[in-house]
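# An overview of the molecular structure
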Amino acid sequence: MQNEPNTAQTPFRIDVADRVKRLPPYLFGKINALKYQKRRAGVDVIDLGMGNPTDVPDPMVIDKLCEAARDERNHRYSVSNGLHNLRREVSLRYAKRHGVQLDPESEVLAGLGSKELFSHMCLALLGPGDTAVVPAPSFPIHVYAVALASGNVISLDCTRPDRFLANVAEMAEHLYPRPKVLIINYPHNPTTTVIERDFFVDVVALAKKHGFMVIHDFAYGDVCFDGYQAPSFLSVPGAKDVGVETTTMSKGYNMAGWRLGFCAGNAEMVRALATIKGYYDYGIFQAVQIAAIIALRHCDDLVGRQALEYQKRRDVLVDGLRRIGWELESPKASMFVWAKYPAEWRQRLGSIDFAMKLLEEAEVAVSPGRGFGELGEGYLRLALVENEHRLRQAVRQIGRCLRGEKAAG
């Protein structure tokens with residue numbers, strides 16, 4: 001009998017792809033692990049860390065989902081680019097809200113939220129040796145979708161939009177090979193920076209001059225305050241020649257867990273994305289798409305009411321943090337507050353350790369600015385996902401925590 005190899009001392013090795021090895025440790029991992037432990041222990045953590053909407057869709061949308069789910073025809077595979085009637089409603093909304101004319105057949109595609117669409121668009125456009133310019137501080141997927149597509153990342157500070165564009169122009173003039181894609185995101189996550197429509201005029205001019213494509217992540221376009229209206233990239237003449245825009249139903253329509261978003265704009269870029277998605281998935285559950293048609297058709301009032309709700313929460317949180325000595329601007333859009341925590345604490349603790357302190361001692365979870373790159377250090381991102389009472393309580397607990405530490409010191 002032939003001797004079998006002795007494998008006891010040589011365990012089988014799993015060698016994952018380099019693209020996975022290149023991903024850094026998840027910087028929010030420690031915070032999420034501690035949050036989970038506290039909740040398992042029965043601690044009532046006020047969670048302002050993740051921008052995870054806690055409000056619900058309009059009842060008519062939920063009713064339509066239930067009705068459509070009972071129809072046996074809706075349990076088959078769906079088309080990977082989205083139902084025609086859904087894409088038509090997206091086109092109609094763009095026309096009504098932004099004055100943009102879109103062909104629902106070739107210029108609109110539905111996907112599993114803007115994050116998925118953005119990631120697969122990077123896969124459709126970028127490969128080894130290609131470079132993308134990314135806004136900084138950076139929402140993680142803006143960096144790592146490029147990395148997963150084997151592209152190179154150049155991060156530029158986007159908090160001063162005019163300076164950002166000047167740096168983009170300089171990069172395009174002097175870098176060889178030139179950047180292939182410019183990624184922009186206004187209203188910006190995490191910093192809440194906003195722009196006016198003229199900014200996009202300059203973006204289109206630069207893209208045409210230097211030959212790069214544009215992806216605009218417009219996830220927070222529905223959540224605007226104090227009369228500000230976030231402009232659509234596609235509303236600028238020539239935008240469809242150079243780029244696309246991704247949107248979502250997660251924020252304005254409170255359909256976060258439904259996983260539904262859209263990519264619209266340049267037909268060739270949309271076609272490339274459709275090709276990638278055709279290999280990866282069979283589309284969104286049809287009942288979700290049918291319910292979303294009702295939301296787009298009848299629930300614009302909800303979008304406005306939800307923005308007002310976030311505005312009230314913003315006022316509570318901003319006023320409360322200012323009272324305990326924090327430096328921050330009141331955001332004009334998005335569902336976050338981007339706060340510079342007090343200088344005496346910045347000198348002692350980095351943002352990750354400071355966020356851990358708030359979670360351990362104040363029982364409030366926040367996102368450390370360092371999780372969005374080096375330019376986020378010294379800041380925290382706080383999500384407006386709790387009600388006003390809970391936000392006031394969070395401020396009280398943070399204040400008590402920091403006063404207690406001062407007394408101990």
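My aim in this report is to walk through the structure given alongside it, one point at a time. These figures come from a predicted structure and were not determined experimentally.

## Re the sheet that holds strand β12 (residues 367-368)
Judged by pairing direction, the sheet is antiparallel, and its four strands sit side by side in the order β9-β10-β13-β12 without closing on themselves. With partners counted over all chains shown, the strands left at the sheet margins are β9 (327-328) and β12, one partner each. Against the sheet, helix α14 (residues 351-362) touches β12 and β13 (379-383), its axis set at about 45° to β13.

## Quick word on the packing of helix α5 (residues 114-125) against helix α6 (residues 140-148)
Orientation of α5 relative to α6, taken along the N-to-C sense of each, is 35°, at an axis distance of 8 Å. Viewed along their axes, α5 and α6 form a crossing whose handedness is right-handed. Counted together, K115, F118, S119, C122 and L123 of α5 and I141, H142, A145, V146 and L148 of α6 form the full contact between these two elements. Across the contact of α5 with α6, the residue classes break down as seven nonpolar, two polar and one charged.

## Comments concerning unusual backbone geometry
Residue P187 is reached from Y186 by a cis peptide bond, and omega for that bond is -5°. When you line up the elements, P187 lands in the loop between β5 (181-184) and α8 (197-210). Residue P190 is bonded to the preceding N189 through a cis peptide linkage, with omega at 20°. Of note, P190 is situated in the loop between β5 and α8. Located in the positive-phi region is E363, a residue other than glycine, with phi close to 60°. Take E363: it is sitting in the loop between α14 and β11 (364-365).

## A look at the sheet that holds strand β3 (residues 131-136)
In space, the seven strands of this open sheet follow the order β2-β8-β7-β6-β5-β3-β4, with mixed pairing throughout. One side of each edge strand has no neighbouring strand; the edge strands of this open sheet are β2 (108-111) and β4 (152-157). For this sheet, the mean angle separating the axes of adjacent strands, direction not counted, is 20°. Note: β5 against strand β6 (residues 213-217), four bridges, orientation parallel. Each residue of the ladder has a partner; that of L182, found in β6, is V214. Docked against the sheet, helix α10 (residues 267-280) engages β2, β6, β7 (243-248) and β8 (261-265), running at close to 30° with respect to β2.

## Some words on the environment of D157
In this structure, D157 sits in strand β4. According to the relative accessible area criterion, D157 is partly exposed, its value standing at 34%. Between the C-alpha atom of D157 and that of Y280, which follows or precedes it by 123 residues, the distance is 33 Å. When sequence neighbours within four positions are dropped, the list of residues in contact with D157 reads A136, F164 and L375. At a separation of 2.6 Å, a polar atom in the side chain of D157 contacts the side chain of T159.

## Some details on the pattern of salt bridges
Should their charged atoms come close, side chains of opposite charge can pair. Counted according to the given criterion, the structure contains 28 salt bridges. Ionic pairing is found between D15 and K21, a salt bridge with its closest N-O pair at 2.7 Å. Owing to a relative accessible area of 49%, D15 belongs among the partly exposed residues under this scheme. Taking relative accessible area as the criterion, K21 reaches 46% and is therefore assigned partly exposed. Across the salt bridge formed by K277 and E116, the nearest N and O atoms sit 3.0 Å from each other. One end of the pair, K277, is in helix α10; the other, E116, is in helix α5, and 161 residues separate them in sequence. The burial state of K277 is the same as that of E116; both residues are buried. Connected via shared salt-bridge partners are R93, K96, R97, D222 and D300.

Thresholds applied
For every chain, the first residue of the written sequence is number 1, and numbering continues from 1 onward in sequence order. For this predicted model, a pLDDT threshold of at least 70 governs which residues receive local features, and a threshold of 80 or more governs which side-chain atom pairs are given and counted, while totals over whole chains, interfaces and linings are taken from all residues. Calculated side-chain values reflect all of the structure's heavy atoms, with hydrogen atoms and water omitted. Only strands that DSSP links by at least two bridges are regarded as paired with each other. Here a helix means four or more residues in a row that DSSP labels H or I, a strand means two or more in a row labelled E, and each is numbered from the N terminus. A contact between two residues is defined here by any heavy atoms of the two lying within 4.5 Å. Under this scheme, a helix contributes an axis fitted over its contacting stretch, all axes are lines through C-alpha atoms, and angles between N-to-C directions fall in the 0 to 180 degree range. For any helix crossing, the convention is left-handed if the near helix is rotated counterclockwise from the far helix by under a right angle, and right-handed if that rotation is clockwise. Residues are sorted three ways: Asp, Glu, Lys and Arg are charged, Ala, Val, Leu, Ile, Met, Phe, Trp, Tyr, Cys and Pro are nonpolar, and all the rest, Gly among them, are polar. Remark: exposure states derive from per-residue accessible area (1.4 Å probe, protein chains only) relative to the maximum for the residue type, with buried under 20%, exposed over 50%, and partly exposed in between. Any N or O atom pair separated by 3.5 Å or less is treated as a polar contact, with the protein-specific requirement of one donor-capable and one acceptor-capable atom, and with residues adjacent in sequence counted only for side-chain atom pairs. We define a salt bridge as a side-chain nitrogen of Lys or Arg found within 4 Å of a carboxyl oxygen belonging to Asp or Glu.

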